[in-house]
Amino acid sequence: MASVTERTFIAIKPDGVQRGLVGEIIKRFEQKGFKLVAMKFMHASEDLLREHYIDLKDRPFYAGLVQYMHSGPVVAMEYHSWQ
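Residues numbered from 1 in each chain as written. Predicted model: local features only at pLDDT ≥ 70, side-chain atom pairs only at ≥ 80, totals over all residues. Heavy atoms only, no water.

Draft legend 1. Spatial organisation of the environment of Ala38. Mapped onto the elements, Ala38 comes out in strand S2 (residues 35-42). Sequence separation between Ala38 and Asp58 is 20 residues; the distance between their C-alpha atoms is 31 Å. Excluding residues that lie within four positions of it along the chain, Ala38 makes contacts with Ala76, Met77 and Glu78. (Helix = DSSP H or I, 4+ residues; strand = E, 2+ residues; numbered from the N terminus. Contact = heavy atoms within 4.5 Å.)

Draft legend 2. Spatial organisation of the pattern of salt bridges. Per the stated rule, a full pass over the model turns up four salt bridges. Here Glu46 makes a salt bridge to Arg50, at a shortest N to O gap of 3.1 Å. On the criterion of helical spacing, the pair formed by Glu46 and Arg50 is a turn pair, its members being four residues apart in helix H3 (residues 46-52). Assessed through its relative accessible area of 33%, Arg50 is described here as partly exposed. The network of salt bridges with common partners includes Glu46, Asp47 and Arg50. (Salt bridge = Lys/Arg side-chain N within 4 Å of Asp/Glu carboxyl O. Buried < 20%, exposed > 50% of the residue type's maximum accessible area, 1.4 Å probe, protein only.)

Draft legend 3. Main features of the nonpolar core. Counting ten residues, the largest nonpolar core consists of Met42, Ala44, Leu49, Tyr53, Tyr62, Leu65, Val66, Met69, Val74 and Ala76. Those elements that provide at least two residues to this core are helix H4 (62-69) and strand S3 (74-82). It is H4 that provides the largest number of residues to this core, a total of four residues. Discounting residues that sit within four places of it in the chain, Ala76 has contacts with Phe9, Ile10, Ala38, Met39, Lys40 and Met42. In this structure, Val17, Ile26, Val75 and Met77 belong to the second largest nonpolar core, which totals eight residues. (Core = buried A, V, L, I, M, F, W, Y, C linked by side-chain atoms within 4.5 Å.)

Draft legend 4. Main features of H4. All of the buried residues in H4 are Tyr62, Leu65, Val66 and Met69. Angularly, the buried residues of H4 cover 95° about the axis, an arc narrow enough to put them on a single face. Across from the buried face of H4, at angles greater than 90 degrees, the exposed residues are Ala63 and Gln67. (Arc of directions from axis to C-beta.)

Draft legend 5. Structural detail: the packing of aromatic side chains. Taken as a whole and judged by the stated rule, the model has three aromatic pairs. Ring plane angle 85° and centroid distance 6.4 Å describe the contact between Phe34 and Tyr79, whose orientation is recorded as edge-to-face. Here Phe34 is found in the loop between helix H2 (22-31) and S2, whereas its partner Tyr79 is found in strand S3, with 45 residues between them in sequence. Just as Phe34 is buried, Tyr79 falls in that class too. Pairwise contacts between aromatic rings join Phe29, Phe34 and Tyr79 into one cluster. (Phe/Tyr/Trp six-rings, centres within 6.5 Å; stacked < 30°, edge-to-face > 60°.)

Here you go:
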């Protein structure tokens with residue numbers, strides 16, 4: 001039986017969603033051998049984004065990053081690679 005060797009989180013940012021790139025991005029990851037196991041189209045709250053990017057909180061671009069990611073919908077995905 002195959003076992004998951006790697007779990008990867010991918011987020012398509014608001015500009016990627018707006019430009020209609022979701023399908024192409026999914027296709028590229030699947031062509032590399034990753035399997036999409038979960039996907040959620042969402043408008044992330046500022047609280048969730050602050051928590052997600054907490055390791056960048058001391059960087060000068062942190063506030064702008066949170067604001068940008070909150071500016072429109074994102075697609076959050078989990079991929080697995082198998083062995």
